[in-house]
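Architecture and fold: a report
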Amino acid sequence: MKAPLLSVKDLRVEFITRRGPLTALDGISFDLAPGEILGVVGESGAGKSLTGLAIIGLLDPPGRIAGGEIRLNGERIDNLAPEAMRKIRGRRIGMIFQDPLTSLNPLLRIGDQLVETILTHTSLTPKAARARAISLLTEVGIPAPEKRIDGYPHEFSGGMRQRVVIALALCAEPALVIADEPTTALDVSVQAQIIAVLKRLAREHHAAVILITHDMGVIAETADRVAVMYAGRIAEIGRVEEVVRDPLHPYAKGLMAAIPTLEGRAARLAQIPGAMPRLSAIPPGCAFNPRCPNVFDRCRIERPPPLPIGTRRAACWLYDRGEVTPPARETVS
Amino acid sequence: MSEISVELPKSEPASRSFLGRLKDSDLLASFLSSKVTVVAGALTLIFFLAAVFAPLIAPTNPFDPASNFLIDSLNPPRFVTGGDARFLLGTDDQGRDLWSAILYGLRVSLLIGVFGVLLGGAIGITLGLIAGYAGGRIDSIIMRIADVQLTFPAILIALLVDGVVQALLKGQNREQTAFGILVISIGLSFWVQYARTVRGSTLVEKNRDYVQAARLIGLSPARILMRHILPNVMGPVLVIATINLALAIITEATLSFLGVGLPPTQPSLGTLIRIGQNFLFSGEWWIVTFPSITLAALVLAVNLLGDWLRDALNPRLK
Amino acid sequence: MIAFIIRRLFASIGVLIAVGLIAFLLFRYVGDPVNQMVGIETPESERVALRQQLGLNDPAIVQALRFLGHAARLDFGISYQFKQPVSELIGARMPATLELAFVASILSLLAGIPMGVYTALHRKSALAKLFEALSLVGISLPTFLIGILLIYLFAVTLGWLPSFGRGDVVHIGSWWTTGLLTASGLKSIIMPAITLALFQMTLIMRLVRAEMLEVLRADYIRFARARGLSERKVHFRHALKNTLVPVITVVGLQLGSIVAFSIITETVFSWPGMGQLFLQSVQNVDIPIMAAYLLFIAFLFVVINLVVDLLYAAVDPRLRVAIHGA
């Protein structure tokens, strides 16, 4: 493997509350190669967005990074001074948020928002910046960009706005783009278009992408690798084809079973009984143990580390060699 | 005057009582965690106790002309050279003991404030419940009136009501009517906020399952409003009432200061300040200073309590 | 756009008519206009004649329309206590009040907005805490106490500033008088203006602070940060502009209420304005002046509302389109 673009090791994020710290992310570790697309899936509250925000250094207080490290091209970025981190945001790491309707400042023309971003990160003249803004809008597929550049956000549809947001995130050619549920707020009909734009631009601009979504379908089509998150931890991470075809972690199995198939029949995620625990009530041992169909004593006491299985890693005691053999696959299918 | 909008988190199960929510919000813990709030609470308590027990604490009765002698007028406070040992804070131009007058004035100010807030609350809550529950034309009439009134500052409404009621009661003895006039003026000036808040909550609550269920089993609207909806809007109402108490005290003091409130024969804090202001230039500073400090401390303490209560019941604002 | 303005105008006229009817009810039914206008010894026959002459025997609706018609031509009748036309009395005192309100408005905006922005951006700093403590005191201290305190400090103790009146005034045109062009006039307006401004300044500061904190949590602020914009740009280009849009409405109305609040300030500083006149009319149950003043304040609010709407449309592109579309 090439030297990783991004390397996250044992990342731990806490929220300071009156009753003491709450651990929201625990032991998150993964590497991302240049140009790679990593999908991050999980239910709401699993910590997907927090992971993205922690990497780009935009955790809102009282949230804070309490442990571990984040390296970009080998250089630590989790402990940078605010001003140094700001210079990385936008230029080396771009981010796209869920709701294009609220991501753009309603009072400023989209051109102004593009130009201000370009001017922040490059030494272009305002005129050249505007030209670049127009070419970016063309790239993301905004028709008649010379005209639309002077429009206000409310004059664009949701899908068009998300294209503008993608253009904004790519202004300074970042090597990494974090896309946090970029299509969730959009019409189903435009979701595929936006994903296609994102994928094409990432390839053309050689940007790696962390694609956060709860839609396994999107991941299956777009991502190279996928990380399945549960209760602030990574349950399983590996190549998409493998994880989708043959998930190892019992939670991932449940999740994959919920992907709509070509026949249009999707089993509900609800086939895993129970709900994800609240941050304040994560059980000891494996966080999934109260819902796990394969639970045994060890899961209730000891927390499973990410165990390497082939090219994958799964945090599940079922795969602790020498203890238990993996169960037959029929158990879920 | 100031516009406060208060909302409670709506995610709470509707069946939980207001008290249950109070406990849940760690009210006591948050109260004790802020020193300022504890001091404000203690101060408010002292003011209320002083007001209630004024007749027992005060050396003289300032309302009783027989116990005041003009020969004692304009005595400086006891701790100033030339002060008279009988008068802790000095005397006013009528020879009244200022300490006693302040205690009685505090009593009057608080009484009017509390009654004014109660009247305003009663009007506002009733109209808000009716508007929210009935909807339609009744709702739009009530809320339109509220909107128009809200464009006028409360002090102006209070002055107008004061003038009108005075005109209607023409020939009556001012000393007997002043108290009632002030309560009515304040009540009619401060009902809008309750009405708006209660209406908003009622609109939300009335579509809840438990209200629909109550309707289905045939409970009367009045009963549904009182038993089911009212308890759920008490939190915001309490916050508004606390902040309005401060406003009501200010309004009463202002009206009395302007000379359309309580007459000099039964002074409130505002009246005392009005009297004292005349002696500002002639050197009798104590007549205006002590009532002013009392009034300012009282309003500040109540405001601090109100601010804390709003924050404690409304985590979103923290 | 024009349709929008016309619609707002009609709504405004509706409010004015409603307030006008209240003023009429006051005028007609609170106290007896005839009793107020004649002496006690006036014979009954004369009273009856006057009653007829004033049209008090006409149906109420006719009287109400007549009252509104007169009011529209700024004819509010004769003051009971001064025996002069109300419009003349109010007109003579209007410049003093408007000038005071204007200076106070400017003061409260110039101080309130920066203080609000500062306290929102530097929530933990000592200066922000000081501002917030001051704002609580500002809200808690009744206006008249602030006035008295200022008088005690700067007039009684230091002797720097006059404690009452407007100083020398200069006539501009046939009607307007101004104290802003003379040294004594400028000196005189300082304390009343500060007194009047303090409460509004406190409110504006708190409002700007709350609104800005809300805006700073918005997605587009987070996105602006994610794009690597400097804090300065995020705060002053993105957050401040969005903060001020909703603030315009409230601030507009607050400034309108400054005129009404000046009743208190004018009393403390014996400022010869409309507020004092109104207070005297309340004390003496001089209904024509009360009615006229009420209508004046309503008119002022209606005008301010219209201006605020237009300003809003000028600032917020979303509304511009909504208005065009309407």
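Throughout what follows, the structure given in this document is the object of discussion. (Residues numbered from 1 in each chain as written. Chains lettered and ligands numbered in written order. Predicted model: local features only at pLDDT ≥ 70, side-chain atom pairs only at ≥ 80, totals over all residues. Heavy atoms only, no water.)

For any two helices packed against each other, the geometry is given by the interaxial angle and the distance between the axes. Residues and elements named next belong to chain B. Put simply, helix α11 (residues 221-258) and helix α13 (residues 286-313) touch, their axes get as near as 9 Å, and they point 165 degrees apart. When the axes of α11 and α13 are compared, the pair comes out roughly antiparallel. Pair α11 / α13 crosses with left-handed handedness. Between α11 and α13, the residues in contact are G235, L238, V239, T242, I243, L245, A246, I249, I250 and A253 and L295, L298, V299, V302, N303, L305, G306, L309, R310 and L313, respectively. Looking at the contact of α11 with α13 residue by residue, the classes come out as 15 nonpolar, four polar and one charged. (Axes fitted to C-alpha atoms, helices over the stretch in contact; angles between N-to-C directions. Helix = DSSP H or I, 4+ residues; strand = E, 2+ residues; numbered from the N terminus. Parallel < 35°, antiparallel > 145°, perpendicular 65-115°, else oblique. Left-handed = near helix turned anticlockwise from the far one by under 90°. Contact = heavy atoms within 4.5 Å. Nonpolar A, V, L, I, M, F, W, Y, C, P; charged D, E, K, R; others polar.)

Attention now goes to the interface of chain A and chain C. Listed per partner, the contact involves 29 residues of chain A and 23 residues of chain C. One can count two salt bridges joining chain A with chain C. Two residues, E116 of chain A and R237 of chain C, come together in a salt bridge whose shortest N-O distance is 2.5 Å. Across the chain A-chain C interface, the total number found is 13 residue pairs in polar contact (both at pLDDT 80 or more). (Salt bridge = Lys/Arg side-chain N within 4 Å of Asp/Glu carboxyl O. Polar contact = N/O pair within 3.5 Å; in protein donor to acceptor, adjacent residues only side chain to side chain.)

This brings us to the sheet that holds strand β1 (residues 6-17) of chain A. All names here are of chain A. Spatially, the four strands line up as an open sheet ordered β2-β1-β4-β5, and their pairing is antiparallel. Only two strands of the sheet have a single partner each, and these edge strands are β2 (20-32) and β5 (75-76). For β1 and strand β4 (residues 63-72), the ladder comprises eight bridges, and the chain directions are antiparallel. Looking across to β4, one finds that F15 is bridged to G63. (Pairing = 2+ DSSP bridges.)

Quick look at the sheet that holds strand β8 (residues 208-212) of chain A now. Within a sheet, neighbouring strands are paired by backbone hydrogen bonds and run either parallel or antiparallel to one another. All names here are of chain A. Taken together, eight strands build an open sheet; the order of strands is β6-β7-β8-β3-β9-β10-β12-β11 and the sheet is mixed. The open sheet has two edge strands with one neighbour each: β6 (93-96) and β11 (307-309). If you compare each strand with its neighbour and ignore which way they point, the axes differ by 20 degrees on average. In terms of strand pairing, strand β9 (residues 225-230) meets strand β10 (residues 233-239) through six bridges, oriented antiparallel. Pairing of V226 across the sheet is with G238, part of β10. Packing against the sheet, helix α1 (residues 48-56) makes contact with β3 (37-41), β6, β7 (176-180), β8 and β9, and its axis sits at approximately 145 degrees to β6.

Attention shifts here to the interface of chain C and chain B. Between chain C and chain B, the contact holds 43 residues from the first and 40 residues from the second. Summed over both sides, the interface of chain C with chain B buries roughly 3,600 Å², with 79% coming from carbon and sulfur. One can count one salt bridge joining chain C with chain B. Close ionic contact of D307 of chain B with R206 of chain C constitutes a salt bridge, the shortest N to O distance being 3.3 Å. Breaking the side of chain C that touches chain B down by element, the ones donating at least two residues are α1 (2-29), α6 (126-140), α7 (143-157), α8 (183-216), α10 (231-268), α11 (274-283) and α12 (287-315) of chain C. When grouped by side-chain class, the residues that make up the side of chain C that touches chain B number 32 nonpolar, seven polar and four charged. (Buried area = accessible area lost by both parts, 1.4 Å probe.)

Here we come to the packing of aromatic side chains. Under the definition given, this model contains 11 aromatic pairs over all chains. Ring centres of F97 of chain A and F223 of chain C lie 6.2 Å apart, and the angle between their planes is 85 degrees; on these two criteria the pair is classed as edge-to-face. Here F97 of chain A, found in the loop between β6 and α3 (100-103), pairs with F223 of chain C, found in helix α9 (residues 219-226), and the two come from separate chains. No difference in accessibility class separates F97 of chain A from F223 of chain C, as the two residues are buried. (Phe/Tyr/Trp six-rings, centres within 6.5 Å; stacked < 30°, edge-to-face > 60°. Buried < 20%, exposed > 50% of the residue type's maximum accessible area, 1.4 Å probe, protein only.)

Burial within β10 of chain A is extensive, with six of its seven residues counted as buried. Taking the residues between adjacent antiparallel strands as the criterion, β9 of chain A and β10 of chain A are bridged by two residues, where A231 of chain A takes a positive phi near 50 degrees.

The next thing to look at is the pattern of salt bridges. Evaluated as defined, the whole model comprises 30 salt bridges over all chains. R209 of chain C serves as the salt-bridge partner of E132 of chain C, at 3.1 Å between the closest nitrogen and oxygen. Taken together, the residues E132 of chain C in helix α6 and R209 of chain C in helix α8 connect sequence positions 77 residues apart. Given a relative accessible area of 27%, E132 of chain C falls into the partly exposed group. Beyond isolated ion pairs, a larger network of salt bridges with shared partners links R12, E14, D26, R64 and R303 of chain A.

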